[in-house]
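Here is how the chains run, residue by residue.
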Amino acid sequence: MRLPALAAIATAASLLVPVPAFADEIIVRREPGLDAAQRADVRADAGARLVQRLTLPDTEVVRVPAGQADEALSSLEADPRVVYAESDAATWREAAVDPIAQPDLSLIRAQDAWSFSTGTGVTVGLVDSGVTFSHEDLAGQWSSTGMDYVDGGTPDDVKGHGTHVAGTIAAIRDNGVGIAGIAPSVKVLPVRVLDANGNGTPSVIAQGFNYAGDQGVKIVNASLGGPSSTTVENSITSHPNTLFVVAAGNNNGANDDTTPFEPCSMSAANVLCVGATDNNDAVASFSNIGPTSVDLFAPGVSLSSTCLGTPAYCTMSGTSMATPHVTAVAALLLAYKPNATVAQLKQAILQGAKPVAALAGKSVTGGRLDALGALGAIGAPIDPDGDGLSGKADNCPSVANPDQLDTDRDGLGDACDPDDDNDGVADVSDAYPLDATRSALSLPSDPQPAPAPAPAPAPAPTTTTTTPTATTKKTATTTTQVRSTRTTRYRGMTALSFEAASASDVLVTVRPRGKKAAVARLTVHAQDGANRVVLRRRDGRALARGRYVVTLVSIVDGRRASAVTVPVTVR
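Each chain has its residues counted from 1, following the order in which its sequence is written. Where totals are concerned, whole chains, interfaces and linings use all residues; where local detail is concerned, this predicted model gives features only for residues with pLDDT of at least 70, and gives and counts side-chain atom pairs only at 80 or more. For side-chain calculations, the full set of non-hydrogen atoms in the structure is used, while hydrogens and water are omitted.

## Remarks on the pairing of strand β20 (residues 493–500)
Along any regular strand, the residues point their side chains to alternate faces of the sheet.
Here is step 1 of the chain: The element β20 is largely enclosed, with a buried count of 7 among its 8 residues.
Here is step 2 of the chain: Where β20 and strand β23 (residues 529–534) come together, 6 bridges link them in antiparallel fashion. Paired with Ser497 across the two strands is Arg532, which belongs to β23. Exposure classes here rest on a 1.4 Å probe applied to the protein chains alone. A residue is buried below 20% of its type maximum, exposed above 50%, and partly exposed in between. Secondary structure counts use DSSP, requiring at least four H or I residues in a row for a helix and at least two E residues in a row for a strand, with both numbered from the N terminus. Each pair of strands is called paired provided DSSP finds at least two bridges between the two strands.

## A word on the packing of helix α5 (residues 202–214) against helix α6 (residues 230–237)
Here is step 1 of the chain: Where α5 meets α6, the closest approach of the two axes is 8 Å, and the angle between their N-to-C directions is 0°. Viewed along their axes, α5 and α6 adopt a mutual orientation that is roughly parallel. For the pair α5 and α6, contact is made by Pro202, Ile205, Ala206, Phe209 and Asn210 and by Thr231, Val232, Ser235 and Ile236, respectively.
Here is step 2 of the chain: Its residues assigned to classes, the contact of α5 with α6 shows 6 nonpolar, 3 polar and no charged. Throughout, an axis means a line fitted to C-alpha atoms (over the contacting stretch in the case of helices), and angles, computed between N-to-C directions, take values from 0 to 180 degrees. Roughly parallel refers to an angle under 35 degrees, roughly antiparallel to one over 145, roughly perpendicular to one between 65 and 115, and oblique to any angle outside these ranges. In what follows, a contact means two residues having at least one pair of non-hydrogen atoms within 4.5 Å. Classification convention: Asp, Glu, Lys, Arg as charged; Ala, Val, Leu, Ile, Met, Phe, Trp, Tyr, Cys, Pro as nonpolar; all other residues, Gly among them, as polar.

## Looking at the packing of aromatic side chains
Here is step 1 of the chain: Between 30 and 60 degrees the pair is tilted, below 30 it is stacked and above 60 it is edge-to-face, where a pair is any two Phe, Tyr or Trp rings, Trp via its six-membered ring, whose centres lie within 6.5 Å. With the rule as written, the count across this model stands at 3 aromatic pairs.
Here is step 2 of the chain: Measuring from centroid to centroid gives 5.2 Å for Phe209 and Phe244, while their planes differ by 65°, and the two rings are edge-to-face. Here Phe244 lies in strand β12 (residues 243–247) and Phe209 lies in helix α5, a separation of 35 residues in the sequence. For the residue pair Phe209 and Phe244, the accessibility class agrees, reading buried in each case.

## Points about the state of the cysteines
Here is step 1 of the chain: The criterion for a disulfide is a pair of cysteine sulfur atoms lying within 2.5 Å. Scanning the model with the defined rule gives 2 disulfides in all.
Here is step 2 of the chain: Across the disulfide from Cys307 sits Cys314; the S-S distance is 1.7 Å. Where Cys307 bonds to Cys314 through sulfur, the torsion about that S-S bond is close to -55°, and the disulfide is left-handed.

## Concerning the sheet that holds strand β11 (residues 224–225)
Here is step 1 of the chain: Strand order in this open sheet of 3 strands is β9-β5-β11, and the pairing throughout is antiparallel. Both outer strands of the open sheet, β9 (199–200) and β11, are each paired with one neighbouring strand and no more.
Here is step 2 of the chain: With 2 bridges connecting them, strand β5 (residues 92–94) and β9 associate as antiparallel partners. Its bridge partner being in β9, Arg93 is matched across the sheet by Asn199.

## Digging into the environment of Leu126
Here is step 1 of the chain: With respect to the helices and strands, the residue Leu126 is situated in strand β6 (residues 123–128).
Here is step 2 of the chain: Take Leu126: its relative accessible area is 1%, and that puts it in the buried class.
Here is step 3 of the chain: Between the C-alpha atoms of Leu126 and Pro324, which are 198 residues apart in sequence, the distance is 9.2 Å.
Here is step 4 of the chain: Those residues in contact with Leu126 that sit more than four places away from it in its chain are Val131, Gly162, Val165, Ala166, Val188, Leu189, Pro190, Val191 and Asn221.

## So, α5
Here is step 1 of the chain: A helix is expected to reach a length of 1.5 Å times the quantity of its residues less one. Look at α5: 18 Å from first C-alpha to last across 13 residues, which is about the 18 Å you get at 1.5 Å a residue.
Here is step 2 of the chain: Where burial is concerned, most of α5 is hidden: 12 out of the 13 residues are buried.
Here is step 3 of the chain: By the burial criterion, the buried members of α5 are Pro202, Ser203, Val204, Ile205, Ala206, Gln207, Gly208, Phe209, Asn210, Tyr211, Ala212 and Gly213.
Here is step 4 of the chain: Downstream of α5 by a residue or two, Gly216 has a phi angle that is positive, lying close to 80°.

## Digging into the side chain of Thr551
Here is step 1 of the chain: Mapped onto the elements, Thr551 comes out in strand β24 (residues 546–556).
Here is step 2 of the chain: Setting aside residues no more than four positions away along its own chain, Thr551 makes contact with Leu507, Val508, Thr509, Arg511, Ala563, Val564 and Thr565.

Written as structure tokens, this is what we have:
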């Protein structure tokens, strides 16, 4: 499958900088089991020569003569021995914007969290532009010399981006100089994938992710991103026991739900995406949003941290700077509860987030990172919100809720839960936020007014019966049509958005491609216009990775419209 060229994201100098594409190099994933002669034949048929075998299974980078990339891609895509081929252009970038003033980390209550954990015994992967090993505030904070996939050798930072991110996570505390990291006792595994200009190719970034995961690192910070890359996606999903904390991007408020920005937009359970807030707890002007792709926000404006040189400190802004706040808090949780799973770490961070009105509908949680709240959610015996309940006894540790109301009984109190009835529609977009049977599913990007409650049903007219006999009459209402379908991501699950021509019940059936048996059937009470349904199995769990066929049939007054069939791929 041909993938679009990767796009650059914001740098410290500007919000969007074009990056030249080197389209003569292509990533190729082969079918497994090919011998050397067969692999060489695949390259020869496309007019390509081998550049590098990647550490990922059956994957390599090949090069073709200038101007022949499109022809070579077409040839490779048509080759049954090739799983996929995509351009290896140097267009992934760091997520930083212009540096300004110093931030106040007390906003996330990091200092309070240090009474319970400072990150001792935890190693965090830092996949970035490298680090400054000799910096006075970082010396000794490394688990090893790591790996450099750009130039080879030691992953020394010549850009400054990775060094700044490293300081936010792990700068030494109480040493009389500089700053303190949010998790000052952690060790950092540096992996360089961005060059001196802050650019990286998907093949290099994928290998960086793969290396960190293979080292057994449970938390990886990735303050970078770009358009869709199957190679990068595979490197993340192949390490389900590693939590990848990633940046939402800095495209001036772009919606990652509708304009995918990866890894943030990936529907992978081990991805946690972070947007940036300013010092007033509002979405930073540069930060991307995403009601179903961005998980939460963290401070990202005017953050002071370590920079190139010794001594050197500077301020930067960006979702790149917000991301390590969340990474560091994940490290605090893992140090407090060493046997915590990736799912538990992610859930605690989301459950502990502090709801903020200005963030409602902009992320999954509608909240901002709270280190103390996250520790309470993972089980620390604290009462961060002062409601008299501590540790796991509090189903919303960041907001006082002594009544512990939990309408959908999902373990997340209504005071923190962005979807109180657990129907797959965020409360800010749900006309019936406490009634899962009457969702009136309006999209966050196009909210619809709540319909008036339906009047009590009147007695059936004499011309219509309520049983399907030969003499039954049905109304002459024109059947509705479902149209304009697209897949999105909601709370780690795949969702299907669609337009309905009028209010109706829509029967949704989900089948694995090539099979007759359905894995899910449900009815959606759709409204006129935009709707969304989360695709789940009958037991409520997320769909397994694979290809599916989703059938939608709208029904009004007993009359069925023509079925609409939509192919869906869950990754």
